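# Observations on the three-dimensional arrangement
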Amino acid sequence: MASPSETEVGREGHIRRQEVVAEIGQLALETDDLDRLLQDVADAVAETLNAEYSAVFELQPTDDELRLWDGAGWSTDCIGTATTPTRPELQAGETLRTGNPVLVEDCRRDDRFATTELLEERCIKSGITAIVGAVEEPWGVLGVYSTTAGHFADPDISFVQNVSNVLTSTVENRRTRRRLEAEKLLKSQIIETSPVGIVIVGSDGTIKFTNDRAVEIYGRSRDELELFSHDDLRWDLVDTNGHPMPAEELPFNKVMEFGEPIFDMEIGLRKPDGQRVWVSVNGSPLAADEDVGSAVFTFTDITDRLRLEGEFEEILARITDAFYALDEEFRFTHVNARAEELLQHSEEELVGESLWDVFPSAAEIDEVWDAFHTARDEQKPTSYELYYDTLEFWVEANLYPSESGISVYFRDISDRIKRERKLEETIEELEQSNEQLESFASMLAHEIRNPVAIGHIYSQQLSTEENPQAVEYVKEAFDRIEEMVDIMLLLTRGDGATGEREPVSLADVARDAWTDIDSRDATLAVAVDDQIPADETYIRHLFRNLFENAVTHGGDGVSVRIERLPDGFYVADDGVGVPEADRERVFEEGYTTTGDGRGTGLGLAFVCEVADVYGWECQLAESEAGGAQVEFHEVDFLGE
């Protein structure tokens, strides 16, 4: 049994510990300075339990160590920097794991826990630790330590636990306060940075709060808005038809009357500069118990959207093709007038209905079904062309997908199909006629060449002494007939009339062709030395026709030159040229300006035909000297 003096000492110690806990509790209520509170707690615990060391450890975000926030007995370089692990084989780790206070009477003999470098360096042998915060979300650990084994008793455990409870309450309150402040700041930031306008209207109808976006939409400052009521005439509120809104239809009055939210109400209001702004309004009452007081509204500026919708409607109205739009479920969302006509249904009948329900036969056509599903599922344009029995016309449809559905542009191409079929029939008939004409031309060429060959033989035996000019005319006539046969075959056979293509020197053939004509006092300059794959006979005829044309129409002393182009060559003269109005006609068969009866009108037509056979582009232009310039483009030169 304890002596009276020991009992008195124990009672005084118990009372003192209670007083210290109360003092710490009072300090926690009076100060927001956590550093000061933790320092006072550490000093009070060490002093009350007559211990050399006390410590307040904060759990680090990684949860694997505790940092010494504050304490008594430690060197200044330890405060704020020293750490200890939280492994379960350590005293502090066990405290965090269980949430219960842990007493170590002599760490040298207590095989439950290992010691730590932080405690071992200071020869600490005994200690008490208690958790600060909840086990599920601990803040840290409160510890008190002595270099004497068995220094602490059971009453000391309760004291440390009570102090840690005070700290727990303080820390949790601090956490809660910070969380609320963060939430308040976040809400404020959300409201102020919101892309929609937010307005609170008091029960008296005056504006109590506006965020930045609302100020921007209204075009007035917050100070100005506080002087406005929700139904101020300066708002000039109108509905989507532009009609003034009656009082009972105003957003605030509807919310206040029924005490229920409103959604997507579209109204127009007037800014101070006279600009009309269109907004979509959502609103809800702010209830205090059961009484409806203020109301909160959100405003979204839809001015641009309505403008774009109007422009889109105008564009759709101008589309001459039939057009309809489908949503992602193939339901009609828009049908223009031309589509109504071709689909034989009004927009009112179609909007909201499924394409496949209105036209079930279309779903049975694989080409149609695949086009629509591919467009929607793969988000790529598709098209189809077919005869649709249900509507009795040929349809050409182009489908353009988007995230919201499919836009379909289509037209009745029945007339085009008829024209194409008629054209195909005409082409077939022409091909048959061409085959007959080619056969006749071949036969005629054969029949003509025989007597011409005989004529050539006998013309060589004519005497040139009596009438040399007549003999020359006869020879020229036979040459002309032979040339006409070549031209006729080329014009009727096309590519089939030319022989094998061999390397041909443009310069050599041009000079040879020049010797074939009566150049009189005309001159030729050749500035090309390229080779082309061709039939030399026809290229010689080409140059001969061009040279004769230049000499005949260019006037006395005409100069002819041949030069290279980047993709071909040209033959130019410095004669009188060809009027621009006639430049397209000179290549037509039968066109001639020669009045002596010697012109056939086939020379330049032959030139154009040769160009076509070889895939060249033939053009007539004006030369630098003002004469005619026949150009050949897209010529294949050997070696390039």
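Structure: above.
Scope of this entry: the structure provided in the associated data block.

### Side note on a negative patch on the surface
- A cluster of acidic side chains, namely Glu500, Glu502, Asp508, Asp512 and Glu536, defines a negative patch on the protein surface.
- As for its placement among the helices and strands, Glu536 is situated in helix α18 (residues 536-554).

### Focus on the nonpolar core
- With 39 residues, the main nonpolar core has Ile532, Ile539, Phe543, Phe547, Phe569, Trp616 and Phe632 as its most contacted residues.
- Looking at this core, the elements that each hand over two or more residues are α17 (506-515), β19 (531-534), α18, β20 (559-565), β21 (568-573), α19 (603-613), β22 (617-622) and β23 (628-633).
- Sorting elements by how many residues they give to this core places α18 first, with eight residues.
- When neighbours within four sequence positions are excluded, Phe569 is seen to be in contact with Leu506, Phe543, Ile562, Glu563, Arg564, Trp616, Val630, Glu631, Phe632, Val635 and Phe637.
- One finds Val20, Val132, Leu142 and Val144 within the second-largest nonpolar core, a separate group that totals 30 residues.

### Focus: the packing of aromatic side chains
- In this structure the tally under the stated criterion is 24 aromatic pairs.
- Seen in terms of ring centroids, Phe543 and Phe569 are 6.0 Å apart; in terms of plane orientation they differ by 45 degrees. Their pairing is tilted. Separated by 26 residues along the polypeptide, Phe543 in helix α18 and Phe569 in strand β21 bring together distant segments of the chain.
- Residue class for Phe543 comes out buried when judged on its relative accessible area of 0%.
- Through a chain of ring-to-ring contacts, three or more aromatic side chains come together here, namely Trp514, Phe543, Phe547, Phe569, Tyr614, Trp616 and Phe632.
- In this arrangement the basic side chain of Arg234 is found over the ring face of Phe228, its NZ or CZ atom lying 3.9 Å from the centre.
- Directly above the aromatic system of Phe637 lies the positively charged group of Arg564, at a separation of 3.7 Å from the ring centroid.

### Notes on the packing of α17 against α18
- Where α17 meets α18, the closest approach of the two axes is 8 Å, and the angle between their N-to-C directions is 55 degrees. Overall, the two elements α17 and α18 adopt an arrangement that is oblique. For the pair α17 and α18, the crossing hand works out as right-handed. Here α17 contributes Leu506, Val509, Ala510, Asp512, Ala513, Trp514 and Thr515 to the contact with α18, which in turn contributes Glu536, Ile539, Arg540, Phe543, Arg544, Phe547 and Val551.
- Considered class by class, the residues forming the contact of α17 with α18 number nine nonpolar, one polar and four charged.

### A few points about the sheet that holds strand β12 (residues 322-327)
- On the basis of which strands lie adjacent, the open sheet formed by five strands has the order β13-β12-β16-β15-β14 and antiparallel pairing. On the outer flanks of this sheet lie β13 (332-335) and β14 (382-388), each paired with one strand and no other. Shown here is a sheet whose adjacent strand axes are inclined to one another by a mean of 20 degrees, direction ignored.
- With three bridges joining them, β12 and β13 adopt antiparallel strand pairing. Counted as the bridge partner of Tyr324 is Val335 from β13.
- Contacts from helix α14 (residues 366-378) reach β12, β14, β15 (393-402) and β16 (405-412) within the one sheet, and its direction differs from that of β14 by about 160 degrees.

### Re the pairing of strand β2 (residues 65-72)
- Across the eight residues of β2, six count as buried, placing the element largely inside the fold.
- Two elements, strand β1 (residues 53-59) and β2, share six bridges in a ladder whose sense is antiparallel. Pairing of Val56 across the sheet is with Asp70, part of β2.
- Hairpin connection from β1 to β2: five residues lie between these consecutive antiparallel strands, with Asp63 at a positive phi of about 65 degrees.
- Summarising the sheet, β2 and strand β3 (residues 83-85) pair through three bridges and their orientation is antiparallel. The residue bridging Arg67 from the neighbouring strand is Thr83, located in β3.

### Notes on the sheet that holds β21
- Pairing within the open sheet is mixed, and its five strands lie in the order β18-β20-β21-β23-β22. Here the strands that pair on one side only, and so sit at the sheet edges, are β18 (523-526) and β22. Going across the sheet, the axis of each strand differs from the next one's by a mean of 15 degrees, ignoring polarity.
- As paired strands, β20 and β21 are joined by six bridges and run antiparallel to one another. Looking at the pairing, Ile562 lines up with Val571 of β21.
- Along the sheet, α18 makes contact with β18, β20, β21 and β23, crossing β21 at roughly 25 degrees.

Procedures and definitions
Residues numbered from 1 in each chain as written. Predicted model: local features only at pLDDT ≥ 70, side-chain atom pairs only at ≥ 80, totals over all residues. Heavy atoms only, no water. Patch = residues over 30% accessible without salt bridge, like charges linked within 9 Å, V, L, I, M, F, W, Y side chains within 5 Å. Areas by Shrake-Rupley, 256 points an atom, 1.4 Å probe, with all protein chains shown as cover. Salt bridge = Lys/Arg side-chain N within 4 Å of Asp/Glu carboxyl O. Lys, Arg positive; Asp, Glu negative; His and termini not counted. Charge placed at Lys NZ, Arg CZ, Asp CG, Glu CD. Helix = DSSP H or I, 4+ residues; strand = E, 2+ residues; numbered from the N terminus. Core = buried A, V, L, I, M, F, W, Y, C linked by side-chain atoms within 4.5 Å. Buried < 20%, exposed > 50% of the residue type's maximum accessible area, 1.4 Å probe, protein only. Contact = heavy atoms within 4.5 Å. Phe/Tyr/Trp six-rings, centres within 6.5 Å; stacked < 30°, edge-to-face > 60°. Lys NZ or Arg CZ within 6 Å of the ring centre and 35° of its normal. Axes fitted to C-alpha atoms, helices over the stretch in contact; angles between N-to-C directions. Parallel < 35°, antiparallel > 145°, perpendicular 65-115°, else oblique. Left-handed = near helix turned anticlockwise from the far one by under 90°. Nonpolar A, V, L, I, M, F, W, Y, C, P; charged D, E, K, R; others polar. Pairing = 2+ DSSP bridges.

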